[in-house]
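Examining the three-dimensional arrangement
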Amino acid sequence: GENVEQHPSTLSVQEGDSAVIKCTYSDSASNYFPWYKQELGKGPQLIIDIRSNVGEKKDQRIAVTLNKTAKHFSLHITETQPEDSAVYFCAASIKGDYKLSFGAGTTVTVRA
Amino acid sequence: GAVVSQHPSRVICKSGTSVKIECRSLDFQATTMFWYRQFPKKSLMLMATSNEGSKATYEQGVEKDKFLINHASLTLSTLTVTSAHPEDSSFYICSARPHRGDGSYEQYFGPGTRLTVT
């Protein structure tokens, strides 16, 4: 099955700086890569996703890049704000399977 | 749009009793619903995949007789933890995949249910 690794496990940034989280996946048949934000005691919230036919996608301060050859994808958050503090999970889905394999998560802390 | 609800949000039950958790897609129909379990400060672990009108598919190591799943309609799936024990205490989260003709992969998650078995 698919194996997703995520780094770093924790990330502390100064407000206004950028945050980058990286994930790698093992199965070249994976074609869908979402990112979720989870606040304490809540369910994960889909913040951005990308499909394998696209190299980059941006939504305001959030962007995701995908390198299919290297089998890795990254989340970029610019101009971080305290409300960006949360746990972020990357995931991957194999074409036709629809199940998500999650990374271990990154705890992001934005210092005011 | 794409709102998923879960009920109850928290439940405390005694060992040996059964607990039912409901997952509803409020503003869309869900082809598939998924049930996850999450331990403190850990990632989400998929327990089972639930398709409307058919039997759920369980992941390896998940007891189907212990965790009963019913997907009665395109907007409702239920998870029943039978004969609960303290080790079943966890955060249970459902997700739903919208029923669209484009074969979309998006999953939208519910807010989770905190189960404590005493």
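Heads up: the structure comes first, above all this text.
Structure report, in brief. Being a predicted model, the structure only gives us computed values, none of them experimental. (Residues numbered from 1 in each chain as written. Chains lettered and ligands numbered in written order. Predicted model: local features only at pLDDT ≥ 70, side-chain atom pairs only at ≥ 80, totals over all residues. Heavy atoms only, no water.)

**Considerations on the overall build of chain B**
- A tally of regular secondary structure across chain B gives zero helices and 11 strands.
- Order of helices (α) and strands (β) in chain B, N terminus to C terminus: β-β-β-β-β-β-β-β-β-β-β.
- C-alpha atoms of chain B, sized along the principal axes, occupy 45 × 25 × 25 Å.
- Taking as baseline every contact in chain B between residues at least 6 positions apart, the subset at least 24 positions apart corresponds to 55%.
- When the accessible area of chain B is evaluated, it comes to approximately 5,800 Å², of which 51% is carbon and sulfur surface. (Helix = DSSP H or I, 4+ residues; strand = E, 2+ residues; numbered from the N terminus. Contact = heavy atoms within 4.5 Å. Areas by Shrake-Rupley, 256 points an atom, 1.4 Å probe, with all protein chains shown as cover.)

**Concerning the pairing of strand β3 (residues 19-25) of chain A**
Residues and elements named next belong to chain A.
- Only one face of β3 is covered, namely the one carrying A19, I21, C23 and Y25; the face carrying V20, K22 and T24 has none of its residues buried.
- Taken together, the four bridges between strand β1 (residues 4-7) and β3 define a ladder with antiparallel strand orientation. Opposite H7, over in β3, you have K22 as the bridge partner.
- Bridge count between β3 and strand β8 (residues 72-77): six bridges; the pairing is antiparallel. Bridging across to β8, V20 finds its partner in H76. (Buried < 20%, exposed > 50% of the residue type's maximum accessible area, 1.4 Å probe, protein only. Pairing = 2+ DSSP bridges.)

**What about the sheet that holds strand β1 (residues 4-7) of chain B?**
Residues and elements named next belong to chain B.
- Within the open sheet, the four strands sit side by side as β1-β3-β8-β7. Their pairing is antiparallel. On the outer flanks of this sheet lie β1 and β7 (67-73), each paired with one strand and no other. Each neighbouring strand pair of the sheet contributes to a mean axis angle of 15°, computed without reference to strand direction.
- One ladder, built from five bridges, connects β7 with strand β8 (residues 76-81); its direction is antiparallel. Of the residues in β8, the one forming a bridge with N70 is T78. (Axes fitted to C-alpha atoms, helices over the stretch in contact; angles between N-to-C directions.)

**As for unusual backbone geometry**
Residues and elements named next belong to chain A.
- That bond from H7 to P8 is cis: its omega, -5°, falls within 30 degrees of zero.
- Checked against the element boundaries, P8 lands in the loop between β1 and β2 (10-14).
- Phi at K71 takes a positive value of approximately 55°, unusual for a residue other than glycine.
- Residue placement: K71 occurs in the loop between β7 (62-67) and β8.
- Residue classification places K71 among the partly exposed residues on the basis of a relative accessible area of 26%.
- Phi is positive for E79, close to 45°, though the residue is something other than glycine.

**Describing the nonpolar core**
- Within the largest apolar cluster, 25 residues are counted, with the highest numbers of intra-cluster contacts made by B:V4, B:W35, B:F67, B:L79, B:Y92 and B:L115.
- Those residues in contact with B:L79 that sit more than four places away from it in its chain are B:V19, B:K20, B:I21, B:W35, B:F67, B:L68, B:I69 and B:Y92.
- The next biggest cluster of nonpolar side chains, apart from the first, holds 24 residues, and it includes A:V4, A:L66, A:A86 and A:V108. (Core = buried A, V, L, I, M, F, W, Y, C linked by side-chain atoms within 4.5 Å.)

**Re the state of the cysteines**
- Counted under the stated rule, the structure contains two disulfides over all chains.
- The residue that forms a disulfide with A:C23 is A:C90, at a sulfur-sulfur distance of 1.9 Å. Measuring handedness by torsion sign, the sulfur bridge of A:C23 and A:C90 sits at about -100° and is left-handed. Of the two residues, A:C23 is situated in strand β3 and A:C90 in strand β9 (residues 86-94); the sequence distance between them amounts to 67 residues. Assigned by exposure class, A:C23 and A:C90 land together as buried.
- The disulfide bridge from B:C23 ends at B:C94, spanning 2.0 Å between sulfur atoms. Handedness here is read from the sign of the S-S torsion; for B:C23 and B:C94, about 80°, the answer is right-handed. With B:C23 in strand β3 (residues 19-25) and B:C94 in strand β9 (residues 90-98), the pair connects residues that are 71 residues apart, well separated along the chain.
- Of all cysteine sulfurs, the one in B:C94 lies closest to B:C13, which takes part in no disulfide; the gap is 18 Å. (Disulfide = S-S within 2.5 Å.)

**Details of the pattern of salt bridges**
- Enumeration over the complete set of coordinates arrives at seven salt bridges over all chains.
- Here A:E39 makes a salt bridge to A:K37, at a shortest N to O gap of 3.8 Å.
- The class for A:E39 is partly exposed, based on a relative accessible area of 33%.
- The exposure class assigned to A:K37 is buried, which follows from its relative accessible area of 13%.
- B:E59 is the partner of A:K99 in a salt bridge, and the nearest nitrogen-oxygen pair spans 3.0 Å. Pair noted here: A:K99 is in the loop between β9 and β10 (101-102) and B:E59 is in the loop between β6 (57-58) and β7, and the two residues belong to different chains. (Salt bridge = Lys/Arg side-chain N within 4 Å of Asp/Glu carboxyl O.)

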